[in-house]
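Coordinates in review
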Amino acid sequence: MSQNILLADLLLPNIEKTPDYYENLYPARNLPEGARVVRIAPSPTGYLHLGVLFAALVNRITATTSGGVFFTRIEDTDKKREVKGGIEDIIDGLNRFGITIDEGFISGKEQKGNYGPYQQSHRAEIYQTYAKELIRQGLAYPCFCTAEELGALRDEQEAGKIRTGYHGEWAKCRELSLEQIKANIEEGKPFVIRLKSPGNEENKVIFDDAIKGKIEMPENDEDFVLLKSDGIPTYHFAHAIDDHLMHTTHVMRGDEWISSVPKHIQLFKILGFKVPKFAHISPIMKLDNGAKRKISKRKDPEAAVHFFAEQGYMSEAVIEYLMTIAASDFEDWRRANPDKSYKDFKFNLKKMSVSGALFDGVKLLDVSKNIVCRLNSIEVYNFVTAWAKEFDKEFYSILTKNPEYSKSVFAIDRDVPKPRKDIAKWNEVKDYFSYMFSEYYTPDLTLPENVAKEDAVLFLEKYKAVYSPDDDRQEWFNKIKAIAPQLQFASETKEYKANPDAFKGHAGDLSTVLRIAITGRRNTPDLCSIMQVLGYDECLKRIENAIRG
RNA sequence: GGCCCGUUGGUCAAGAGGCCUAAGACACCGCCCUUUCACGGCGGUAACACGAGUUCGAAUCUCGUACGGGUCACCA
C-alpha cells in the first residue's frame, strides 16, 4: 500500500488536495424531488452542428419539464482539434435558437453557476486529484507504451484473432515495479495513467437506458487511459468526474457513446460515485445514394446550423421541426395547443425514437410555413430585413428604401382573417414578390392558351378605362365581369361550365390576363390587393405596356 | 471481424398478444370550394424485412437469417 502512495507522489507530485476537498466544494444541489440535472458537453471543434442543437433541445426540454437545471460544459481536452471561436459559435448559436442555458457557459465568454469552471481545460487539477487517489488505491498505474508499441500490440492481437485492446495480460505496464517506473521517469519517458480495470469480459453489465431500454454488455476489462501524457484527462475520466461533481442526474448524449457505457459505469463505481441515468439519443440521419447515414458536417450543408440561418429559416421553425423528431406525440400536442410555446410541452424521453430519423427538409418547409403564416406584416418586415441585412444586402437596401411600401407588400393576403400559407423561409421572399419591386420585375407576358391575343388587348383596353385604384375586391371583380360578355366571355364560371361552347372563356380567364399584365405571372396572391399596393400609375403603366407588348 | 442497437407506407411515426380490415402528419394523386395560386374541406394510392417457433390468436413474445446503424484511440 505504501508503495502505491509513493507511486502517486512520484507521478503527480504537485497534487496536494484530496477528493474530499472537491466533494465539499461542490455540495449537492438543492432541487425539488424529480428535478433533472442535465447538460450538453460540446467540444469546440467547429461550428454548431445540427446534432448538438438537437441534443441541446432534448436536454433543455427535459430540464424544463422536470423543473431541473440545464447546463453547458465545454469539453476542450483535445487541443489538437480545437477551433478558435468554437465556444462562441456553439453557445451563441444555441442562444440564437432560443435554447436558454441555466448554468455553465451562457454565452461565448461568460460562465455562471457554482459548479465551475465549466471548461475542462481549466479543471486539470481536479482530474489529477482523483487520478492520484486512484493510484494511491492501486486502481490506476502509469503506462509508458509508445504509439508504435501499442500498434504492434494491436497487430499481434489481430493476427491471433484475439480481442484488441489494453487488457489482461496484454496490459504490460501493469506489472512495472516502482523501480522500473522511477527509472523510466528519470529517463524522461512520457507516460499516461491507465485504469487498472477490475472488470471481467465474461461478466455482464446491465443498464436501463432512458431512451433505448435495457441494454446488456460485457463488462469493461480494458485498462483505458484516464490521464493523457500531458496530464489532461480523456473524455471518459472527465465525464465521470465532472458529472459527479456537477451532480448531473441524467446523462443525455449521442448514441455513439453507448458502447462506452461499461467503461463509464465502471469508473463511477470505482470512484465511489452514484451512477447517473443514461439516455442515448439517436442521430439525425441523411439519405445518401439510397443509404441512410448519420448527418455529416463534411458532406451535408444542413449539418451546420448556420445553413438554416443563411436560408432564412426562422429558428422557431427549426426547433419546431426538431421537436417533431424528438417526440412522437409532439405533433398531436401542437394541434391541440396551436398557440403555446413548445416549452410548455410535457416531454417524455420514452417517446423518443430508438432509431435515427432521416432529416426531412420538405417537412421542415411545411412546419416553417405554418409558423410564418401566423406572423403579421410588421413582423415579416422585421424578420426579412434582418435576414437580408446579413445575407442579401441589395435586397435589404431595396426593402428599407421605403419601409411603408415594403410592409404593405407583406400585408397582402397576410393581415387578413385567413392568411396565406406560402413563405417558408426568407430567401424565398425576393422571388415571391419580385414583381412588387421594379428592380426585380421581369415579366413574362405569355398569355394562357385559351385567350387570344386580340381578346386580351381588347380586354385590357376596356379595363383600363374603368379601372379605379379605390375599388375594393368586390368592385374590382365586378368590373371584369362586366366586360366579359362584351368579349363573349362568361361573367360567371358556372355559366361557362354549364355551356362551354357558348363562350370563349370566363371572367376568371380575363382576370388571369390582367394578372399577367400586372405581375408577369399566372399565379400570385390576391390581384386586387397587389394593384392597390402598386398604385394607379404603376398599374396603368404595366397595363399599357402589356397592350403594346 | 468482435460487441451493442435497430428494421411498420417515399419520410416522420402510433402500436406493449385479440380493440389492426394497422392511427395520424408530411409528400403524392383526385374531387369540392374558388378570379389564378395557395389555404380549407372530402376522398385515394401506399407499410408490419424474411423464415421458423410459442399461442386458440403475433406488427406485438422467442430463435435464426438478411439488411441498416453505432463502436472498437493518449478524439470527443
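See the structure shown above.
Residues numbered from 1 in each chain as written. Chains lettered and ligands numbered in written order. Predicted model: local features only at pLDDT ≥ 70, side-chain atom pairs only at ≥ 80, totals over all residues. Heavy atoms only, no water.

Topic: the layout of surface pockets
Formally: For cavity detection a 1 Å grid was placed over the protein atoms alone, and a set of points counts as a cavity when a 1.4 Å probe fits there but cannot get out; an open set counts as a pocket when protein lies on both sides within 12 Å along at least five of seven lines, with lining residues being those that have an atom within 4 Å of a point. Grid points are joined across faces, edges and corners, and a volume is the space filled by probe spheres set on the points. The helix and strand labels rest on DSSP assignments: H or I over at least four residues marks a helix, E over at least two residues marks a strand, and numbering proceeds from the N terminus.
Size it by volume and the largest pocket reaches roughly 1,000 Å³. As for the largest pocket, its lining consists of 38 residues, of which Ala-41, Ser-43, Val-52, Glu-256 and Trp-257 are closest to the centre. Of all elements in the fold, only β1 (37-40), α3 (50-66) and β10 (250-254) reach the threshold of two or more residues within the lining of the largest pocket. In terms of residue count, the dominant contributor to the lining of the largest pocket is α3 (4 residues). Estimates place the volume of the second largest pocket at around 750 Å³. What lines the second largest pocket is a set of 27 residues, and nearest its centre among them are Glu-320, Arg-334, Pro-338, Ile-371 and Arg-374. Mapped onto the lining of the second largest pocket, the elements with two or more residues apiece are α11 (315-326), α12 (330-336) and α13 (361-372).

A word on helix α9 (residues 261-270)
What counts here: Accessible area is worked out with a 1.4 Å probe on protein chains only. A residue is then buried under 20% of its type maximum, exposed over 50%, and partly exposed in between.
The buried fraction of α9 is high, at 9 of 10 residues. Looking at α9, one finds that the buried residues are Val-261, Pro-262, Lys-263, His-264, Ile-265, Gln-266, Leu-267, Phe-268 and Ile-270. Once α9 finishes, Gly-272 follows within two positions and takes phi at roughly 80°, a positive value.

Overview of the environment of Tyr-432
Position of Tyr-432 relative to the elements: it lies in helix α17 (residues 429-432). Along the backbone, Tyr-432 and Cys-145 are 287 residues apart, and their C-alpha atoms lie at a distance of 64 Å.

Things to note about the side chain of Ser-296
To keep it simple, the criterion reads: Contacts described as polar in this section are N or O atom pairs within 3.5 Å, which, within protein, must combine one atom able to donate a hydrogen with one able to accept it, while residues neighboring in sequence count only if both atoms come from side chains.
By secondary structure assignment, the location of Ser-296 is in the loop between β13 (291-294) and α10 (306-311). Among the polar contacts listed, one links the side chain of Ser-296 to the backbone nitrogen of Lys-299, at a separation of 2.9 Å.

Looking at the environment of Lys-112
Formally: Note on contacts: a residue pair qualifies if any of its non-hydrogen atoms lie within 4.5 Å across the two residues.
Among the secondary structure elements, Lys-112 is positioned in strand β4 (residues 111-112). We classify Lys-112 as partly exposed; its relative accessible area is 43%. Expressed as a C-alpha distance, the spacing of Lys-112 and Ile-101, which sit 11 residues apart in the sequence, is 9.5 Å. Sequence-distant contacts of Lys-112, that is, excluding residues within four places in its chain, are made with Asp-102, Glu-103, Gly-104, Ile-106 and Tyr-118. Among the polar contacts made by the side chain of Lys-112, one reaches the main-chain carbonyl oxygen of Asp-102 at a distance of 3.4 Å.

Quick notes on the packing of aromatic side chains
For clarity, the cut-off: Two rings from Phe, Tyr or Trp (for Trp, the six-membered ring) form a pair when their centres are within 6.5 Å of each other. A pair whose planes differ by under 30 degrees is stacked, one over 60 is edge-to-face, and the rest are tilted. Charge over a ring is defined by NZ of Lys or CZ of Arg lying within 6 Å of the ring centre and within 35 degrees of the ring normal.
If you walk through the whole model with that rule in mind, you get 26 aromatic pairs. For the ring pair Tyr-235 and Trp-257, a centre distance of 3.8 Å and an interplane angle of 20° mean the geometry is stacked. With a gap of 22 residues between them, Tyr-235 in helix α8 (residues 235-245) and Trp-257 in the loop between β10 and α9 connect regions that are remote in the sequence. Overall, the relative accessible area of 16% leaves Tyr-235 in the buried class. One aromatic cluster is present, built from ring pairs that chain together Phe-307, Phe-308, Tyr-313, Tyr-321 and Phe-359. The side chain of Arg-29 reaches across the aromatic face of Tyr-115, ending 4.2 Å from its centre. Sitting over the face of the ring of Tyr-166, Arg-194 holds its NZ or CZ atom 3.8 Å from the ring centroid.

Things to note about the sheet that holds strand β6 (residues 192-195)
Here is the rule we go by: Think of it this way: DSSP has to see at least two bridges between two strands before they count as a pair. Every angle, taken between N-to-C directions, lies between 0 and 180 degrees, and every axis is a line fitted to C-alpha atoms, over only the stretch in contact when it is a helix.
Sheet architecture is open: 3 strands sit in the order β5-β6-β9, paired in antiparallel fashion. Two strands close off the open sheet at either side, each with one partner strand: β5 (140-143) and β9 (225-227). Strand-to-strand twist across the sheet, computed as the mean angle between neighbouring axes with direction ignored, equals 45°.

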